[in-house]
Amino acid sequence: MGSKSTRLAVVVLALLVAMVFGRSADEWKSRTIYQLLTDRFARGDGSSDGCGNLGYYCGGNYRGIINNLDYIQGMGFDAIWISPIIDNYNGGYHGYWGRNIYSLNGNFGSEQDFYDFVNACHARDIWVMVDVVGNHMGNTDTNYGSNYLLNDASHYHDYCIISDNDFATYNQNRIENCRLAGLADLKQENDYVRTTLLTWINTIVKKYNIDGLRVDTVPEVPKWFWQQFTGSSGVYTVGEVFNGDMGYVGGYVGTVTSVLNYPFFYWVRDTLFNTKDMTNLRSYYSEWSKKIDLKQLNYMANFVDNHDNARWLSWGGDWEKKKKVFKTGNLLALTSVGIPIVYYGSEQYFAGGNDPNNREILWRNLDRYIFVLS
Amino acid sequence: MYIFLRTVIDARKKHQIWNYDQVERYADSEIYAFSRGKFLVCTTNRVNSSVSKSISYHPFSNGEVICNIFYPTSDCITVNGPISVYLLNGESKIYVPR
C-alpha cells in the first residue's frame, strides 16, 4: 500500500495536475454537490406519470434537469453529479453498462441536449461532475463485438468473477482481474486499452467542458492506471472505494484525486442511527489520522446516502426519530471537513430500500415540496 | 428538509467554512461540537430528550452576539465566557456571529 510519505507525494502530484488543467481540487472544496440519477430526476416534457419498473428506464433526461435547475439551485447546490453519459447496453438506465464510449446514451437526450445542460449549469455557476467507468464494459458474456472501441477479447481479462470472499480477504489480484457482477473486465495493462481509455477521458472532458469526475469501481483497477487516468482527465476525480476500511480507502487517495468518504458514511450512520456515544466522531478523526495526513480529508467527498445503498430512511424504527438523525447526518456531511454530497430525494425524505428502490423518480413532487416540507 | 438543506448550505457558503480547519470543541456521550472559523456546529444523538452543555472552548469572543442559523433572530447569545448549548429532541445548532 506504500508509505504515508509516498502517498502524500502522489497526492500532491495529482493535485498539481488538476490545478494545471481544470477545476482544481482546492476549487472543488468550496462546492456542494447534488447527486442525481439522470433517468430519475425529471422528464424534459414535464410529464408526471409514474414509473412502472424502477429496474428499467423511467424517462428522466438532460432537458428535464435543465428545466428544473431552480429546484437544485434553490437549495444552494453549486455542483451536480450525474449518471454516466455514454451509450449503454439495453436496460442500463444507471449508466454503468457501457457499450460505445464515444457515443452518448440517447435515452437521456441528444448530444445537443447534453451540451445545453452543461452550458445551462455553467451559466448559473453550477459545476458538472460526470460519473465515469474505466473498469468494465456492459456485456456479461464474452461477445465483445459491440464494445466500441474495445471490441476484442484481448482487451479483456480472462473470464472469472470476483467473489464476496475476494472482497472480504482483499484479494487484489482477483479484484483487479476478474469481473464485478459479471461485467466484462477491461485489461488496462494492455497498451491499446490503456491509451484508448486515457484518450477517451481527455477527449470527453474537453469536448463537453466537464468540471469533475466521479470514478466508479476504483479498487477493481490497478492504482497506476488511475494516476494516469486522473492526469489525462485534467480535472478533479473522486473515486468510489466501496469499503469502510480507512487504510484501504485511504490507500487510493492520490491515485484518483480523492475518494468518496465511505468511512464517514459508515461511522456517521452507525453513531446516529444506533444512538452510539458521540465521542465516536472523535474516534473517527483519530482513526483517519493514523492512515492519512488529515489535510487530505479536505478533498474527500462526504455523504450519508447514495444510489448504491438502501436509503437511511428505509431502515427500521420510528419515522420521526429517523428523520431527526437523518437531518443531523446530512448536516454533518455539509459542515465537516470535506466536499459534501447530498443524494437527490433526501430533500423530500425519500426512503427507498435496496437498489433499485433507492432510485425513485423525483418528478412527481418537483413543484409542491417547498411548501409542504421544511 | 428542502429548507433545512438550504439553510445549512447558505451558511456554509456565507462563512466559507472550507477555508478553516475543523477544530473539535466538545465531545461526550451525547454531544459532538466542532468549529470551522467562527462557525460552531453542535450535534446530538439524543432525539427524545433535551441536552444542555456548557462549552468553554469555543471560537467566539466575549461580547460577541452569536445566533443559531435555524432561528437567527430568536436563538441568540451574547458571549460571556462559556456558551450554554441546549439541544431539544435531536436538533442540531450552528452558531455564527450575528
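Everything below is about the structure printed above this text.
Just so we're clear, the structure is a prediction, and the values are computed from it rather than from any experiment.

## Concerning the overall build of chain A
Helix and strand counts for chain A stand at 15 helices and 10 strands. Relative to the 2.2 N^0.38 estimate, which gives 21 Å for 374 residues, the radius of gyration of chain A is 20 Å and therefore close to what a compact globule would have. Overall, the C-alpha framework of chain A stretches about 55 × 50 × 40 Å when taken along its three principal axes. Buried residues in chain A amount to 60% of all 374 residues. Here the analysis covers contacts within chain A between residues at least 6 apart in sequence; of these, 70% occur between residues at least 24 apart. Carbon and sulfur atoms provide 50% of the accessible area of chain A, an area that totals close to 13100 Å². Placing the 33 positive and 39 negative side-chain charges of chain A at their respective mean positions leaves the two points 5 Å apart.

## Things to note about the state of the cysteines
All names here are of chain B. Applying the stated criterion to the full structure yields 3 disulfides over all chains. The disulfide partner of Cys67 is Cys76, and the gap between their sulfur atoms is 2.1 Å. Between Cys67 and Cys76, the S-S dihedral sits near 105 degrees, and the bridge is therefore right-handed. Residue classification places Cys76 among the partly exposed residues on the basis of a relative accessible area of 28%.

## Some words on the sheet that holds strand β8 (residues 93-97) of chain B
The strand order across the open sheet built from 6 strands is β1-β2-β3-β8-β5-β6 (chain B), with neighbouring strands paired in antiparallel fashion. Edge strands, defined here as strands with exactly one partner in the open sheet, are β1 (22-27) and β6 (76-78) of chain B. Taken over all neighbouring pairs, the strand axes of this sheet differ in orientation by 20 degrees on average, direction set aside. Of the strand pairs in this sheet, strand β3 (residues 40-44) of chain B and β8 of chain B are connected by 3 bridges, and their pairing is antiparallel. Bridge assignment links Cys42 of chain B to a residue of β8 of chain B, and that residue is Lys93 of chain B. Where helix α14 (residues 319-335) of chain A meets the sheet, its contacts fall on β1, β2 (31-36), β3 and β8 of chain B, and the angle it forms with β3 of chain B comes to roughly 155 degrees.

## So, the packing of helix α12 (residues 262-273) of chain A against α14 of chain A
Residue and element names in this part refer to chain A. Contact geometry of α12 with α14 gives a least axis separation of 10 Å together with a crossing angle of 145 degrees. Here the hand of the crossing between α12 and α14 comes out right-handed. Counting all contacts with α12, which are made through Phe264, Val268, Leu272 and Phe273, the residues of α14 involved are Lys321, Lys322, Val325, Thr328, Gly329, Leu332 and Ala333. Here the residues of the contact of α12 with α14 are counted per class, giving 7 nonpolar, 2 polar and 2 charged.

## A few points about the interface of chain A and chain B
Each partner contributes residues to the interface: chain A has 45 residues there, and chain B has 36 residues. Carbon and sulfur atoms make up 63% of the surface buried where chain A meets chain B, a total of about 3400 Å² over both sides. Of all residues in chain A, the largest losses of buried area upon contact with chain B belong to Met278, Leu331 and Thr335 of chain A, amounting jointly to 19% of the total for that side. Our enumeration of links across chain A and chain B arrives at 2 salt bridges. Measuring nitrogen to oxygen at the nearest pair gives 2.5 Å for the salt bridge that ties Arg282 of chain A to Glu24 of chain B. Across the contact surface, chain A and chain B share 17 residue pairs in polar contact (both at pLDDT 80 or more).

Definitions and limits used
- Residues numbered from 1 in each chain as written.
- Chains lettered and ligands numbered in written order.
- Predicted model: local features only at pLDDT ≥ 70, side-chain atom pairs only at ≥ 80, totals over all residues.
- Heavy atoms only, no water.
- Helix = DSSP H or I, 4+ residues; strand = E, 2+ residues; numbered from the N terminus.
- Rg over C-alpha atoms; globule rule 2.2 N^0.38 Å.
- Buried < 20%, exposed > 50% of the residue type's maximum accessible area, 1.4 Å probe, protein only.
- Contact = heavy atoms within 4.5 Å.
- Areas by Shrake-Rupley, 256 points an atom, 1.4 Å probe, with all protein chains shown as cover.
- Lys, Arg positive; Asp, Glu negative; His and termini not counted.
- Charge placed at Lys NZ, Arg CZ, Asp CG, Glu CD.
- Disulfide = S-S within 2.5 Å.
- Pairing = 2+ DSSP bridges.
- Axes fitted to C-alpha atoms, helices over the stretch in contact; angles between N-to-C directions.
- Left-handed = near helix turned anticlockwise from the far one by under 90°.
- Nonpolar A, V, L, I, M, F, W, Y, C, P; charged D, E, K, R; others polar.
- Buried area = accessible area lost by both parts, 1.4 Å probe.
- Salt bridge = Lys/Arg side-chain N within 4 Å of Asp/Glu carboxyl O.
- Polar contact = N/O pair within 3.5 Å; in protein donor to acceptor, adjacent residues only side chain to side chain.

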